[in-house]
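Breakdown of the fold
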Amino acid sequence: MQIGILCSGGDSPGMNACLRAIVRTAVSQGHEVVGFMDGYQGILNEDFYIGSAGAHRFFMRTVSGIVKRGGTLLHSSRCPEFATPEGTQKAADILDKLGVDALIPIGGNGTLTGAHELGKVWKGQIIGCPGTIDNDLNGTDFTIGFKTSVQTAVDAVDKLRDTAASHHRMFLVELMGRHCGYITLHTAIAAGCEVACIPEHPQKIEDIVEKLQDLYRRGKTSIIMVVAEGYHDGVMALQEKLEKAGCPFPMRSVVLGHLLRGGDPCPEDRILAAQTGNLAVEGILRGETDKMAGVRNNQAVLVPLEEAITGHRVVPQDLVDLLECVSR
(Lines give C-alpha, C1' and ligand atoms only; values in the text may rest on other atoms or scores of the structure.)
Protein backbone atom coordinates (compact mmCIF):
# COMPACT_ATOMS: atom_id res chain seq x y z
CA MET A 1 0.00 0.00 0.00
CA GLN A 2 1.18 3.54 -0.75
CA ILE A 3 0.22 6.13 1.89
CA GLY A 4 0.50 9.87 1.25
CA ILE A 5 1.04 12.50 3.94
CA LEU A 6 0.65 16.27 3.86
CA CYS A 7 0.49 19.20 6.27
CA SER A 8 -1.96 21.96 5.44
CA GLY A 9 -3.05 25.30 6.85
CA GLY A 10 -1.25 26.91 9.78
CA ASP A 11 1.72 24.97 11.13
CA SER A 12 1.70 23.70 14.70
CA PRO A 13 4.42 22.28 16.98
CA GLY A 14 4.27 18.49 16.81
CA MET A 15 3.48 18.07 13.11
CA ASN A 16 6.94 16.57 12.59
CA ALA A 17 6.42 14.18 15.50
CA CYS A 18 3.15 13.07 13.90
CA LEU A 19 4.88 12.62 10.53
CA ARG A 20 7.53 10.48 12.21
CA ALA A 21 4.92 8.24 13.85
CA ILE A 22 3.09 7.75 10.56
CA VAL A 23 6.27 6.82 8.69
CA ARG A 24 7.60 4.48 11.39
CA THR A 25 4.24 2.70 11.78
CA ALA A 26 3.63 2.25 8.05
CA VAL A 27 7.15 1.33 6.94
CA SER A 28 7.61 -1.16 9.78
CA GLN A 29 4.61 -3.04 8.39
CA GLY A 30 5.91 -3.07 4.83
CA HIS A 31 4.04 -0.13 3.34
CA GLU A 32 5.35 2.78 1.28
CA VAL A 33 4.97 6.39 2.45
CA VAL A 34 5.26 9.49 0.28
CA GLY A 35 5.04 13.11 1.37
CA PHE A 36 3.46 15.99 -0.53
CA MET A 37 5.05 19.41 -0.14
CA ASP A 38 3.04 22.51 0.77
CA GLY A 39 -0.23 20.80 1.64
CA TYR A 40 -2.90 20.10 -0.96
CA GLN A 41 -0.96 22.31 -3.38
CA GLY A 42 1.68 19.59 -3.42
CA ILE A 43 -0.84 17.08 -4.75
CA LEU A 44 -1.94 19.43 -7.52
CA ASN A 45 1.70 20.16 -8.40
CA GLU A 46 2.76 16.51 -7.98
CA ASP A 47 5.48 17.86 -5.70
CA PHE A 48 6.93 15.06 -3.57
CA TYR A 49 9.26 15.36 -0.61
CA ILE A 50 12.69 14.22 -1.79
CA GLY A 51 14.92 12.85 0.95
CA SER A 52 18.70 12.88 1.17
CA ALA A 53 18.82 9.52 -0.62
CA GLY A 54 17.17 11.14 -3.64
CA ALA A 55 14.04 9.00 -3.34
CA HIS A 56 10.54 10.46 -3.23
CA ARG A 57 9.45 8.12 -0.47
CA PHE A 58 10.20 7.95 3.23
CA PHE A 59 12.45 5.42 4.92
CA MET A 60 12.81 4.70 8.63
CA ARG A 61 15.87 6.92 8.90
CA THR A 62 14.35 9.77 6.89
CA VAL A 63 12.46 10.90 9.98
CA SER A 64 15.26 10.43 12.50
CA GLY A 65 15.64 13.37 14.86
CA ILE A 66 12.54 15.31 13.74
CA VAL A 67 10.40 14.47 16.78
CA LYS A 68 11.77 17.53 18.60
CA ARG A 69 11.56 19.98 15.71
CA GLY A 70 8.84 22.61 15.34
CA GLY A 71 7.27 23.51 12.02
CA THR A 72 6.89 20.82 9.40
CA LEU A 73 9.37 18.99 7.21
CA LEU A 74 6.75 18.93 4.45
CA HIS A 75 6.06 22.68 4.68
CA SER A 76 2.49 23.91 4.63
CA SER A 77 0.20 26.27 2.74
CA ARG A 78 -3.40 27.08 1.98
CA CYS A 79 -4.63 26.06 -1.46
CA PRO A 80 -7.62 28.02 -2.85
CA GLU A 81 -7.69 25.86 -6.00
CA PHE A 82 -8.19 22.68 -3.99
CA ALA A 83 -11.17 24.29 -2.22
CA THR A 84 -13.11 24.34 -5.52
CA PRO A 85 -14.99 21.27 -6.85
CA GLU A 86 -12.72 21.28 -9.90
CA GLY A 87 -9.60 21.38 -7.74
CA THR A 88 -10.82 18.58 -5.49
CA GLN A 89 -11.56 16.36 -8.49
CA LYS A 90 -8.17 17.20 -10.00
CA ALA A 91 -6.47 16.12 -6.76
CA ALA A 92 -8.42 12.84 -6.78
CA ASP A 93 -7.38 12.15 -10.38
CA ILE A 94 -3.72 12.88 -9.60
CA LEU A 95 -3.73 10.62 -6.54
CA ASP A 96 -5.14 7.80 -8.67
CA LYS A 97 -2.53 8.42 -11.36
CA LEU A 98 0.27 8.36 -8.78
CA GLY A 99 -0.98 5.11 -7.26
CA VAL A 100 -1.69 6.56 -3.82
CA ASP A 101 -4.01 4.25 -1.87
CA ALA A 102 -4.54 6.33 1.26
CA LEU A 103 -3.96 9.87 2.48
CA ILE A 104 -3.20 11.21 5.96
CA PRO A 105 -3.58 15.01 6.09
CA ILE A 106 -2.31 16.76 9.23
CA GLY A 107 -4.02 20.04 10.01
CA GLY A 108 -7.01 21.87 11.43
CA ASN A 109 -10.61 22.48 10.48
CA GLY A 110 -9.92 23.70 6.95
CA THR A 111 -7.54 20.83 6.24
CA LEU A 112 -9.96 18.18 7.48
CA THR A 113 -12.90 19.82 5.72
CA GLY A 114 -10.92 19.54 2.50
CA ALA A 115 -10.16 15.91 3.31
CA HIS A 116 -13.85 15.18 3.87
CA GLU A 117 -14.73 16.73 0.50
CA LEU A 118 -11.93 14.82 -1.23
CA GLY A 119 -13.34 11.60 0.17
CA LYS A 120 -16.58 12.19 -1.71
CA VAL A 121 -14.84 12.00 -5.10
CA TRP A 122 -11.78 9.82 -4.44
CA LYS A 123 -11.79 6.06 -3.99
CA GLY A 124 -8.79 6.05 -1.60
CA GLN A 125 -8.89 5.98 2.19
CA ILE A 126 -8.48 9.16 4.25
CA ILE A 127 -7.74 9.53 7.96
CA GLY A 128 -6.69 12.95 9.25
CA CYS A 129 -4.62 13.98 12.26
CA PRO A 130 -5.59 17.08 14.33
CA GLY A 131 -2.68 19.47 13.83
CA THR A 132 -3.71 22.96 14.98
CA ILE A 133 -2.84 25.19 17.93
CA ASP A 134 -6.45 26.39 18.21
CA ASN A 135 -7.79 23.21 19.86
CA ASP A 136 -11.09 23.80 18.05
CA LEU A 137 -11.80 20.35 16.58
CA ASN A 138 -14.55 18.13 17.94
CA GLY A 139 -13.82 14.51 18.79
CA THR A 140 -10.47 14.95 20.52
CA ASP A 141 -9.62 16.38 23.92
CA PHE A 142 -6.62 18.25 22.55
CA THR A 143 -5.07 19.02 19.17
CA ILE A 144 -1.40 18.73 18.24
CA GLY A 145 0.41 21.97 19.09
CA PHE A 146 -2.11 23.45 21.49
CA LYS A 147 -0.21 22.74 24.70
CA THR A 148 3.07 24.00 23.27
CA SER A 149 1.32 27.17 22.16
CA VAL A 150 -0.05 27.73 25.64
CA GLN A 151 3.41 27.14 27.12
CA THR A 152 4.88 29.74 24.76
CA ALA A 153 2.16 32.24 25.68
CA VAL A 154 2.60 31.65 29.41
CA ASP A 155 6.37 32.15 29.16
CA ALA A 156 5.81 35.48 27.39
CA VAL A 157 3.14 36.64 29.85
CA ASP A 158 5.36 35.74 32.81
CA LYS A 159 8.04 38.08 31.42
CA LEU A 160 5.54 40.85 30.70
CA ARG A 161 4.28 40.55 34.28
CA ASP A 162 7.68 41.69 35.55
CA THR A 163 7.51 44.89 33.50
CA ALA A 164 3.85 45.47 34.32
CA ALA A 165 4.60 45.25 38.04
CA SER A 166 7.68 47.48 37.76
CA HIS A 167 5.74 50.30 36.08
CA HIS A 168 2.25 49.88 37.59
CA ARG A 169 0.87 49.15 34.12
CA MET A 170 -1.71 47.02 32.44
CA PHE A 171 -0.64 44.92 29.47
CA LEU A 172 -3.08 43.78 26.79
CA VAL A 173 -1.63 40.63 25.21
CA GLU A 174 -3.17 39.43 21.96
CA LEU A 175 -3.04 35.68 21.32
CA MET A 176 -4.08 33.59 18.33
CA GLY A 177 -7.58 32.13 18.20
CA ARG A 178 -9.88 34.32 16.15
CA HIS A 179 -12.92 32.07 16.65
CA CYS A 180 -11.81 29.96 19.60
CA GLY A 181 -10.73 31.06 23.06
CA TYR A 182 -8.93 27.92 24.25
CA ILE A 183 -5.39 29.34 24.05
CA THR A 184 -6.43 32.60 25.68
CA LEU A 185 -8.37 31.00 28.52
CA HIS A 186 -5.76 28.35 29.34
CA THR A 187 -3.03 31.00 29.26
CA ALA A 188 -5.03 33.26 31.55
CA ILE A 189 -5.46 30.54 34.17
CA ALA A 190 -1.88 29.27 33.96
CA ALA A 191 -0.27 32.72 34.02
CA GLY A 192 -2.54 34.24 36.66
CA CYS A 193 -4.04 36.87 34.36
CA GLU A 194 -6.78 39.12 35.71
CA VAL A 195 -8.92 39.29 32.55
CA ALA A 196 -9.41 37.09 29.49
CA CYS A 197 -11.35 38.23 26.45
CA ILE A 198 -12.58 35.35 24.30
CA PRO A 199 -15.10 35.18 21.45
CA GLU A 200 -17.29 32.60 23.22
CA HIS A 201 -18.01 35.03 26.07
CA PRO A 202 -18.15 38.59 24.72
CA GLN A 203 -18.04 41.35 27.33
CA LYS A 204 -19.13 44.95 27.13
CA ILE A 205 -16.36 47.52 27.44
CA GLU A 206 -18.17 49.06 30.37
CA ASP A 207 -18.23 45.73 32.23
CA ILE A 208 -14.50 45.18 31.67
CA VAL A 209 -13.69 48.68 32.94
CA GLU A 210 -15.94 48.16 35.98
CA LYS A 211 -13.95 45.05 36.90
CA LEU A 212 -10.64 46.88 36.38
CA GLN A 213 -11.81 49.75 38.57
CA ASP A 214 -12.80 47.28 41.29
CA LEU A 215 -9.37 45.64 41.11
CA TYR A 216 -7.75 49.09 41.34
CA ARG A 217 -9.80 50.01 44.40
CA ARG A 218 -8.77 46.77 46.08
CA GLY A 219 -5.08 47.55 45.68
CA LYS A 220 -4.09 46.00 42.35
CA THR A 221 -1.18 47.93 40.87
CA SER A 222 -0.64 45.99 37.65
CA ILE A 223 -2.82 43.92 35.33
CA ILE A 224 -2.40 41.37 32.54
CA MET A 225 -5.33 41.02 30.13
CA VAL A 226 -5.08 38.32 27.46
CA VAL A 227 -7.19 38.80 24.36
CA ALA A 228 -8.10 36.44 21.54
CA GLU A 229 -7.19 37.98 18.18
CA GLY A 230 -10.00 39.89 16.56
CA TYR A 231 -11.81 40.51 19.85
CA HIS A 232 -13.08 44.11 19.66
CA ASP A 233 -10.97 44.47 16.47
CA GLY A 234 -7.68 43.61 18.21
CA VAL A 235 -5.76 44.88 21.21
CA MET A 236 -4.89 48.33 19.82
CA ALA A 237 -8.55 49.14 19.17
CA LEU A 238 -9.53 47.55 22.50
CA GLN A 239 -6.95 49.67 24.33
CA GLU A 240 -8.41 52.84 22.84
CA LYS A 241 -11.94 51.83 23.83
CA LEU A 242 -10.84 51.03 27.39
CA GLU A 243 -9.07 54.39 27.72
CA LYS A 244 -12.19 56.24 26.60
CA ALA A 245 -14.33 54.25 29.05
CA GLY A 246 -12.18 55.17 32.04
CA CYS A 247 -9.68 52.33 32.57
CA PRO A 248 -7.72 53.25 35.74
CA PHE A 249 -4.40 51.74 34.58
CA PRO A 250 -1.90 53.06 32.03
CA MET A 251 -1.82 50.50 29.21
CA ARG A 252 0.54 48.91 26.70
CA SER A 253 -0.42 46.38 24.01
CA VAL A 254 1.57 43.39 22.77
CA VAL A 255 0.68 41.07 19.87
CA LEU A 256 2.30 37.63 20.18
CA GLY A 257 0.76 36.42 16.93
CA HIS A 258 2.68 33.77 14.99
CA LEU A 259 5.18 33.35 17.82
CA LEU A 260 2.67 30.85 19.24
CA ARG A 261 3.06 28.51 16.27
CA GLY A 262 6.80 28.07 16.54
CA GLY A 263 9.24 26.30 18.81
CA ASP A 264 9.99 22.75 19.80
CA PRO A 265 6.87 20.77 20.77
CA CYS A 266 6.40 20.01 24.46
CA PRO A 267 6.37 16.35 25.59
CA GLU A 268 2.55 16.22 25.72
CA ASP A 269 2.27 17.33 22.11
CA ARG A 270 4.92 14.82 21.01
CA ILE A 271 2.98 12.03 22.71
CA LEU A 272 -0.33 13.16 21.21
CA ALA A 273 1.29 13.36 17.78
CA ALA A 274 2.67 9.84 18.14
CA GLN A 275 -0.69 8.46 19.29
CA THR A 276 -2.69 10.02 16.48
CA GLY A 277 -0.12 9.32 13.75
CA ASN A 278 0.12 5.68 14.76
CA LEU A 279 -3.66 5.28 14.96
CA ALA A 280 -4.16 6.90 11.55
CA VAL A 281 -2.01 4.23 9.92
CA GLU A 282 -3.53 1.40 11.95
CA GLY A 283 -7.00 2.63 11.03
CA ILE A 284 -6.15 2.67 7.33
CA LEU A 285 -4.79 -0.86 7.54
CA ARG A 286 -8.10 -1.92 9.12
CA GLY A 287 -10.01 -0.43 6.20
CA GLU A 288 -11.24 2.75 7.91
CA THR A 289 -11.76 5.99 6.01
CA ASP A 290 -13.28 9.48 6.37
CA LYS A 291 -12.11 9.61 9.99
CA MET A 292 -9.90 11.70 12.25
CA ALA A 293 -7.51 10.19 14.76
CA GLY A 294 -7.95 11.84 18.16
CA VAL A 295 -7.52 11.18 21.87
CA ARG A 296 -10.40 11.09 24.33
CA ASN A 297 -9.86 10.37 28.02
CA ASN A 298 -6.27 9.33 27.22
CA GLN A 299 -7.48 6.75 24.69
CA ALA A 300 -6.70 7.04 20.97
CA VAL A 301 -9.96 7.00 19.01
CA LEU A 302 -11.19 7.41 15.44
CA VAL A 303 -14.06 9.84 14.94
CA PRO A 304 -15.93 10.66 11.72
CA LEU A 305 -14.48 13.64 9.91
CA GLU A 306 -17.92 15.18 9.69
CA GLU A 307 -18.20 15.13 13.48
CA ALA A 308 -14.73 16.65 13.88
CA ILE A 309 -15.38 19.61 11.57
CA THR A 310 -19.08 20.32 12.20
CA GLY A 311 -19.98 23.13 14.54
CA HIS A 312 -17.74 25.20 16.75
CA ARG A 313 -16.12 23.67 19.79
CA VAL A 314 -16.55 26.09 22.67
CA VAL A 315 -14.54 26.38 25.85
CA PRO A 316 -15.99 24.67 28.95
CA GLN A 317 -17.98 26.97 31.21
CA ASP A 318 -16.23 25.55 34.27
CA LEU A 319 -12.91 27.00 33.04
CA VAL A 320 -14.53 30.40 32.52
CA ASP A 321 -15.93 30.22 36.06
CA LEU A 322 -12.55 29.10 37.42
CA LEU A 323 -10.78 32.12 35.95
CA GLU A 324 -13.41 34.46 37.35
CA CYS A 325 -12.90 32.93 40.78
CA VAL A 326 -9.10 32.96 40.94
CA SER A 327 -8.53 36.33 39.22
CA ARG A 328 -10.15 38.48 41.88
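Parameters and conventions
Residue positions are counted from 1 within each chain, in the order its sequence is given. Whole-chain, interface and lining totals are the exception, using all residues; otherwise, since this is a predicted model, local features are given only for residues with pLDDT of at least 70 and side-chain atom pairs are given and counted only at 80 or more. By convention in this description, side-chain values take in all heavy atoms of the structure and omit both hydrogens and water. Strands are runs of DSSP state E lasting at least two residues, helices are runs of H or I lasting at least four, and both sets are numbered from the N terminus onward. Every radius of gyration here is taken over C-alpha atoms, with the globule rule written as 2.2 Å times N^0.38, N being the number of residues. Three exposure classes are used, based on accessible area relative to the maximum for each residue type with a 1.4 Å probe and protein chains only: buried under 20%, partly exposed in between, and exposed over 50%. Contacts are residue-level and defined by heavy atoms, with any inter-residue pair within 4.5 Å sufficient. Calculation of accessible area relied on Shrake-Rupley with a 1.4 Å probe; when residues are assessed, cover is drawn exclusively from the protein chains displayed. For the purpose of charge, His is not counted, nor are the chain termini; Lys and Arg are scored as positive and Asp and Glu as negative. Charged side chains are reduced to one point each, which is NZ for Lys, CZ for Arg, CG for Asp and CD for Glu. A helix is expected to reach a length of 1.5 Å times the quantity of its residues less one. Strands were regarded as paired on the criterion that DSSP finds at least two bridges between them. Lines fitted to C-alpha atoms define the axes here, with helix axes fitted over just the stretch in contact, and angles between the N-to-C directions of these axes take values from 0 to 180 degrees.

1. Things to note about the overall build of the chain
Looking only at helices and strands, one finds 11 helices and 10 strands in the chain. Since a compact globule built from 328 residues should have a radius of gyration of about 20 Å, the 22 Å found for the chain is in line with a globular shape. Classification of the 328 residues of the chain by burial places 54% in the buried group. Residue pairs in contact within the chain that sit at least 24 positions apart in sequence constitute 74% of those at least 6 positions apart. Here the chain has roughly 13,700 Å² of accessible surface; of this, 49% comes from carbon and sulfur atoms. Across the chain, the 31 positively charged side chains and the 39 negatively charged ones have centroids separated by 5 Å.

2. Topic: helix α3 (residues 85-98)
Relative to the 20 Å expected for 14 residues at 1.5 Å per residue, α3 spans 20 Å between its end C-alpha atoms, a close match to the ideal helical length. The secondary structure elements touched by the buried residues of α3 are α2 (40-45), β3 (102-107) and α4 (109-119). Immediately beyond the C-terminal end of α3, within one or two residues, lies G99, with a positive phi of roughly 80 degrees.

3. A short note on the sheet that holds strand β6 (residues 195-197)
If you walk across this open sheet you meet the 4 strands as β6-β7-β5-β8, and the pairing is parallel. Edge positions in the open sheet fall to β6 and β8 (251-255), since each of these has one partner strand only. Strand-to-strand, the axes of this sheet are offset by a mean angle of 20 degrees, without reference to chain direction. Pairing of β6 with strand β7 (residues 223-228), which is carried by 3 bridges, proceeds in the parallel orientation. Note on β7: the bridge partner recorded for C197 is V227.

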